[in-house]
Every structure is written in structure tokens, then in C-alpha cells.
Amino acid sequence: MASFGIDDIELATTHYALDLEALANARGVDPAKFELGLGQTRMGVPAPDEDAVTMAATAAARLLERTGTEGIRQLLFATETGVDQSKSGGMFVHGLLGLPSNMRVAEIKQACYAGTVALQTAISSLVREPDAKVLVVMSDIARYELDSSGEPTQGAAAVAMLVTANPRLVEIEAETGMYSADVNDFWRPNDSTTAIVDGALSLTAYLDALMGSWDDYRANGGHDIAEIDRFLYHQPFTKMARKGHRKLVQHAGGEVGEEVLESSFTYNRVLGNSYGASIYSALAALLHHEDDLAGKRIGFYSYGSGSIGEYFTGTVVPGYAEHVHVEPIQTELATRESIDFDRYVELHETVLPSGTDVETERVTTAPFRFSGIRGGARQYERTA
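Every value quoted in this text rests on a predicted model; they were computed, and no experiment measured them. (Residues numbered from 1 in each chain as written. Predicted model: local features only at pLDDT ≥ 70, side-chain atom pairs only at ≥ 80, totals over all residues. Heavy atoms only, no water.)

## Describing unusual backbone geometry
Phase 1 of the analysis: Along the chain, Gly306 connects to Ser307 via a cis peptide bond; the corresponding omega equals 0 degrees.
Phase 2 of the analysis: Note that Ser307 resides in the loop between strand 12 (297–304) and strand 13 (308–316).
Phase 3 of the analysis: Unlike most non-glycine residues, Asp147 shows phi in positive territory, near 60 degrees.
Phase 4 of the analysis: With respect to the element layout, Asp147 can be found in the loop between strand 6 (133–142) and strand 7 (155–165).
Phase 5 of the analysis: Under the relative-accessibility criterion, Asp147 is labelled exposed at 55%.
Phase 6 of the analysis: Its identity is not glycine, yet Asn166 carries a phi of approximately 50 degrees, on the positive side. (Helix = DSSP H or I, 4+ residues; strand = E, 2+ residues; numbered from the N terminus. Buried < 20%, exposed > 50% of the residue type's maximum accessible area, 1.4 Å probe, protein only.)

## Considerations on the packing of aromatic side chains
Phase 1 of the analysis: Taken as a whole, this structure holds 14 aromatic pairs when the rule is applied.
Phase 2 of the analysis: Summarising the aromatic geometry, the rings of Phe186 and Tyr275 are spaced 5.7 Å apart at their centres and angled 75 degrees between planes, so their arrangement reads as edge-to-face. Here Tyr275 lies in the loop between helix 8 (268–271) and helix 9 (278–289) and Phe186 lies in strand 9 (residues 186–187), a separation of 89 residues in the sequence. This pair shows no difference in class: Phe186 is buried, exactly as Tyr275 is.
Phase 3 of the analysis: Chaining the aromatic ring pairs together yields one cluster made of Tyr206, Tyr233, Tyr301 and Tyr303. (Phe/Tyr/Trp six-rings, centres within 6.5 Å; stacked < 30°, edge-to-face > 60°.)

## Digging into the UniProt feature "domain: Hydroxymethylglutaryl-coenzyme A synthase N-terminal" (unreviewed entry) in the protein chain
Phase 1 of the analysis: The feature "domain: Hydroxymethylglutaryl-coenzyme A synthase N-terminal" (unreviewed entry), as given by UniProt, occupies residues 5–165 in the numbering adopted here.
Phase 2 of the analysis: In the segment residues 5–165, helix accounts for 32% and strand for 30%; the C-alpha atoms at its two ends are 7 Å apart. (UniProt positions renumbered as here; feature names shortened; annotations may be inferred.)

## Some words on the pairing of strand 5 (residues 104–108)
Phase 1 of the analysis: Sheet topology note: the strand 4 (residues 72–78)/strand 5 ladder contains five bridges and is parallel. Residue pairing for strand 5: Gln74 is matched across the bridge by Arg104.
Phase 2 of the analysis: Of the crossover connections in this fold, the one passing from strand 4 over helix 4 (residues 89–97) to the parallel strand 5 is right-handed. (Pairing = 2+ DSSP bridges. Right-handed = clockwise from strand over helix to strand, strands pointing away.)

Written out as C-alpha cells, the structure reads:
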């Protein structure tokens, strides 16, 4: 019987980055509040010609350079940073990548949980069509009001995954647990470019969904906590993952230390919050920074405000290290352009109205850029 899961994975982020020390100094707070209190050091900031679509296309293009497009029957684009109220951001990505026309393309939304919906949907479709492949892309830009409590937890990144039968990286196991509750902990109204968050309620909802989804996972035949070797959590900031882990270990009656989390924080510390991409950038960090994972079981806690949690597990495939590609994201992180606080504020406050034609400033060195608005429609182009 075939197994299903993640055959390849790739990341992308923005051209600019802001050091949280610079943000702390500008806001008159101790930088340790961000570095130690949140567990964050930098955050991605999009250039004027970058958005969720360009990051998604960049991550997917890097992956497809290795895998090709043969057999891909679906592109599922998960985001809460949609660029259009009707047209899927996936259609823009489809066009930029020159993907075949005989495939399904759709956008999925449920806050930070959307990437997991896309992954599980892909696996379900492969059960019916096991020779097919699904390209899952999640891409988000976290934006909050200036000088708000959420400001230091902003960020941006995209993750692309090829989901197949008999994958080379991670086999996703069938058992899963879910928990949903209608909670106004975080949302973004249609007429707002920034999200609204109730920090205290969001933490409570996150932990409630973790406990609820874990209990459902165990009730559906999921593994005991002692049988899980590594743990991944949705990471709006890395300290929240620590809090979740402590609560889960206490709830499940295990004795699992926090050292099993450390590798998964490597990218998110410097990317900032990437919403639905954050748990899968944590997976990439784990695969990139540990070389003894073959056969290990990974626990995934995916959370989306509003709210829903899902707990599931996957096992790392022997020989995975031969199919891990570290260089693209590490080079990108090392070469991001640092900006000062004033430039960050300028970019944050720039909102392009859809009713005015505009050409964006050329900044990004990525292979795709958002070139502007013409006739009310967003325009994208290849740069190379």
C-alpha cells in the first residue's frame, strides 16, 4: 500500500529585513523583550514589488527546477494574504510558472491553518489518483498596526511542497485530530490592510485547540507522546511554540524536553510570522539542521485563528538527507537587505488603491515581481 506525504520542500522570503533591535530602539523598549520574550530577532519586510504571490512563485520555482512539472495535477495556494477577493492567487502563480493547463488551481483560506488544509486535501486526492502529484504553496505577509502589540511579530515567507505517493522526505500518517471553535482572537476585516488580534485570547485559543486536537488525535488511534521524536508547532513567534509544548507535555503526561524544538526555530526567528507557512518553514528548518532523522516520528500542531487546530504525525523517510536542499533559503537569508526603521514605516504605510494605475519601484532580485496595477488588475512579471 502506498504512503503519501512530502516529496520536496522549498522556502522563499522577502528582499528586505528589519532587525528587531532597531524596532525596539525606535519604540523605546528593551530589545530583550523581543529577542527573549518573543524569541525573535528579525522579520521579513516586502519590497514595493513583492507580495504573497511573488514569494509563492519563487519558492515553487526553486522546487520545480529540481522536480519538473510532469504529473502535477493540482496547485493549491494557501494564504490569508490574498490579493484578490475572487481570483485565486494560485492562478497568478500558475501563470508565472508556466504550469500545464490541465490541472486544478484553487486558493484555500482559514487563517494560519490553511496550509494544513491544502496538505491534507492533497493527500486525500492522491488516494484516488496515486500517480498524480500536487503542488502545495503557502505564502503570507503578517502585518499589524504600527506601534501595536503585534508589531514585533510581523514577518513574511512562503513554503512550497510537492505532495506525492511514496514521498522522499516525510510520510504523513493517517491518524489525525481536530478541534474547532468560533473565537474572535484574530481577524482582518475586508476594509483593513492590517490584522486585529487579541493577544491574550489568541494564546488561550491556541492552547485550547492544541489540547482539543491532541485528545481527538489520541482518540482516533494516534501515537502516545513518548512515541513522537520531534515536535513542530505553528509559530507566530517561537516563544508561543515553547508555551504550547510545555502545556502539551503536561497534558499528555510525558517527559519531553524543549531541546526537541530548537532546530525548528532556526528560520522562523529571522523570518518572523509567516502565518500558514510557519509550521512548514519549521519542518524545513528541522530537515536542514538535523542529520539523524531517518525513521523519526514528527508531531505537527497546526493552528489557525478563529479558531481551529489539527494534530497529526509524519515519519521521516530513510535517505531523506539526499533530497534536502539547504542552499537556496540560506543564501537568501544571508543576503537580505537590512532596512532602517524609517524605511520600514514608509513601506508599511504605503497602500496601493486598486482604482489607480501604478508601476511599482524595481527592488527585488527574486525571479518574479509585482509590477503594478493596470485597469484595476494586478500585474506580475518575470525578472529573469
